Amino acid sequence: MRLGAAGTRLVPVEPSLAEPPDEPEMAGVSDAFRYMQFRLAQVAPTHAIVLLLGETGTGKGLAAQTIHRLSPRRAARFVSVDCAALPATLIESELFGRERGAFTDARATQIGRFELADGGTIFLDEIGELPAEAQAKLLRVLQQGQFERLGSPRTIKVDVRVIAATNRTLPEEVRTGRFRSDLYYRLSVFPITMPPLRDRHGDVPVLVERLVMRLSERHQRAIDVIPPALLDQLAAYDWPGNVRELENVLERAVITAADRTLRLAEPLSPQMADAVPAASHIVLADVERAHIIRILQARGWRIEGVRGAAAALGLKPSTLRSRMRKLGIHRAAGEVAHELAPRIGHPLLG
Ligand SMILES: Nc1ncnc2c1ncn2[C@@H]1O[C@H](COP(=O)(O)OP(=O)(O)OP(=O)(O)O)[C@@H](O)[C@H]1O
Ligand SMILES: [Mg+2]
């Protein structure tokens, strides 16, 4: 990337220096980012369990890979398990394996992810979604480093470093009985919180630079110019979906680019929650609507499922849909902006 005529702040980078697509480097310059990196670097060379906490899209997955890469286990496997994506009935055999005949349809012996990761690192993503039985078995692996395959009496010993991540508030999950407290304490040896992007606006320019480079390569678009005004606009937004949302916005901008200058494909949604004035007479429906939209955006407008907005809001999907209808919430960003701006920003309300 080279300096553009419109005066971008980008530093030229040779294509050969770009990071491999499967293992991007974490970018950031803010104090919050540096502290998080310092914590990663502190724990990486050890064998300690790491618990990564933070909102969706803050880089927990990337941080887990970084820890593995900086650890003495880097030459061994990094095995990732998304506990939210696996059905409860399969998760135990996925993690610990199963012996031939353990289920009626289990024709072959299956090696579990813990065995696969022997000598390396296992990344248990969305650990808060782990069913109770798997929690018990995991606790034993963490305590004793051993387990049995489903349908087998033979105890297997492994040497695996565990990194877990969640965007849930685990103490709350413990309080309500959904997560074992003994497992929680085992996991929270070295918690690292990934700061949300709205608390580190200073990282936006360097993230934009890094992501645009990655995306323009992926989509074979030459983008040379990132206007400073655009950077300012991006830095002022509050990013409820964090780096992933920024990445999505940039990806649309790169795909729709008409020339070598980066422009947004659509307006950013307004900073609704922050724009709500602290007046007592503000209409409650506006606050509710703003909150629902924030959660929907953070969840990529997915309504159903464990990662959906309904679960995050503690509502049934059907209830959320009817609430959205009542509040006039639609997906199109422009529409939302027009509906909200006059009501929330009205001088009479402030
Ligand atoms: N500091 C960073 N520098 C560069 N890219 C980043 C950074 N943080 C996050 N990303 C990118 O943002 C996207 C989201 O990050 P990631 O998937 O690690 O988030 P997450 O916290 O695991 O989210 P979720 O909880 O939804 O799984 C990824 O494409 C990742 O590469
Ligand atoms: Mg993730």
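Everything discussed here concerns the structure shown above.
Everything in this summary refers to the structure shown in the same document. Note that residues are indexed from 1 along each chain, following the sequence as it is written. Think of it this way: whatever chain is written first is A, whatever ligand is written first is 1, and the rest follow in order. Whole-chain, interface and lining totals are the exception, using all residues; otherwise, since this is a predicted model, local features are given only for residues with pLDDT of at least 70 and side-chain atom pairs are given and counted only at 80 or more.

1. Some words on the overall build of the chain
Line of reasoning, step 1. The helix and strand inventory of the chain stands at 15 helices and seven strands.
Line of reasoning, step 2. Put plainly, a residue is buried at 20 or more neighbouring C-beta atoms within 10 Å of its own, exposed at 12 or fewer, and partly exposed in between, counting only other residues' C-beta atoms, which are placed from the backbone. Looking at the chain residue by residue over its 350 residues, the buried ones come to 33%.
Line of reasoning, step 3. Excluding contacts between residues fewer than 6 apart, the proportion of contacts in the chain whose partners are at least 24 apart in sequence is 72%. Helix numbers and strand numbers start at the N terminus; a helix is a DSSP run of H or I with at least 4 residues, a strand a run of E with at least 2. Contact criterion: two residues are in contact if their C-beta atoms, reconstructed from the backbone, are within 7 Å.

2. Some details on the site of ligand 1
Line of reasoning, step 1. To decide nearness, the C-beta atom of each residue is placed from the backbone, and the residue is near a molecule or strand if that atom lies within 6 Å of it. In the vicinity of ligand 1 lie 18 residues, with Thr56, Gly59, Lys60, Gly61 and Val243 positioned nearest.
Line of reasoning, step 2. Note on residue classes: Ala, Val, Leu, Ile, Met, Phe, Trp, Tyr, Cys and Pro are nonpolar, Asp, Glu, Lys and Arg are charged, and everything else, Gly too, is polar. Of the residues in the shell around ligand 1, the class split is six nonpolar, eight polar and four charged.
Line of reasoning, step 3. Split by domain, the residues of the shell around ligand 1 number at least three in each of domain 1 (31–193) and domain 2 (198–255). Here the bounds of each domain stem from an automatic or database domain assignment.

3. Remarks on helix 5 (residues 132–144)
Line of reasoning, step 1. Take the number of residues in a helix, subtract one, and multiply by 1.5 Å to get its expected span. In a regular helix each residue adds 1.5 Å, so 13 residues correspond to 18 Å; helix 5 covers 19 Å between its end C-alpha atoms and thus fits that length.
Line of reasoning, step 2. The set of residues buried in helix 5 consists of Ala134, Leu138 and Val141. All buried residues of helix 5 fall inside an arc of 55° around its axis, so they share one side. Those residues of helix 5 that are exposed and aimed more than 90 degrees away from the buried face are Ala132, Glu133, Gln143 and Gln144.
Line of reasoning, step 3. Close packing links the buried residues of helix 5 with helix 3 (88–96), helix 4 (113–116), strand 4 (146–148) and helix 7 (181–187). The directions from the helix axis to the C-beta atoms are what the arc is built from.

4. Structural notes on the nonpolar core
As a rule of thumb, nonpolar side chains are buried together in soluble globular proteins.
Line of reasoning, step 1. The nonpolar core is taken to be a set of buried Ala, Val, Leu, Ile, Met, Phe, Trp, Tyr and Cys residues joined by way of C-beta atoms within 7 Å. Ranked by internal contacts, the top residues of the largest apolar core, which has 39 residues, are Leu52, Phe114, Ile122, Phe123, Leu124, Ile163 and Ala164.
Line of reasoning, step 2. A per-element tally of this core places strand 6 (residues 161–166) first, with four residues.
Line of reasoning, step 3. The residues contacting Ile122, other than those within four sequence positions of it, are Val79, Val81, Arg113, Phe114, Ala117, Val160 and Val162.

5. Remarks on helix 1 (residues 31–43)
Line of reasoning, step 1. Between the first and last C-alpha of helix 1 there are 19 Å, a value that for 13 residues agrees with the 18 Å anticipated at 1.5 Å per step.
Line of reasoning, step 2. Buried residues along helix 1 sit against helix 2 (60–69) and strand 7 (190–193).

6. Quick word on the packing of helix 8 (residues 204–218) against helix 10 (residues 242–255)
When two helices pack together, their arrangement is given by the angle between the helix axes and the distance between those axes.
Line of reasoning, step 1. With axes taken as lines fitted to C-alpha atoms, and helix axes fitted only over the stretch in contact, angles between N-to-C directions fall between 0 and 180 degrees. Their axes nearest at 10 Å, the elements helix 8 and helix 10 cross at an angle of 50°. When the axis of helix 8 is compared with that of helix 10, the two are oblique. Crossing of helix 8 against helix 10: the hand is right-handed. Taken together, the residues of helix 10 that come into contact with helix 8 (itself represented by Leu207, Val208, Leu211, Val212, Leu215 and Ser216) are Val243, Leu246, Glu247, Leu250, Glu251 and Val254.
Line of reasoning, step 2. Here the residues of the contact of helix 8 with helix 10 are counted per class, giving nine nonpolar, one polar and two charged. Angle categories are assigned with fixed cut-offs, so that under 35 degrees is roughly parallel, over 145 is roughly antiparallel, 65 to 115 is roughly perpendicular, and the rest are oblique. In a left-handed crossing the near helix is turned counterclockwise from the far helix by less than a right angle, and in a right-handed crossing that turn is clockwise.

7. Points about the packing of helix 8 against helix 9 (residues 228–236)
Line of reasoning, step 1. Relative orientation of the contacting elements helix 8 and helix 9 amounts to 115°, with a least axis distance of 9 Å. Taken together, helix 8 and helix 9 sit at an angle that is classed as roughly perpendicular. Note on packing geometry: the crossing formed by helix 8 with helix 9 is right-handed. On helix 9, the residues that touch Val204, Pro205 and Val208 of helix 8 are Leu231, Leu234 and Ala235.

8. Here we look at the sheet that holds strand 2 (residues 78–82)
In a beta sheet, neighbouring strands pair by backbone hydrogen bonds and run either parallel or antiparallel.
Line of reasoning, step 1. Reading across the sheet, the five strands line up as 2-3-6-1-7 and stay open at both edges, with parallel pairing between neighbours. A single partner strand is all that each edge strand has here, and the edge strands are strand 2 and strand 7. The mean inter-strand angle of the sheet, taken between neighbouring strand axes irrespective of direction, is 20°.
Line of reasoning, step 2. Paired strands are those between which DSSP finds at least two bridges. Of the strand pairs in this sheet, strand 3 (residues 121–125) and strand 6 are connected by four bridges, and their pairing is parallel.

9. Considering the environment of Ala258
Line of reasoning, step 1. The topology assignment puts Ala258 in the loop between helix 10 and helix 11 (272–275).
Line of reasoning, step 2. Residues Ala258 and Arg221, spaced 37 residues apart in sequence, show a C-alpha to C-alpha distance of 9.6 Å.

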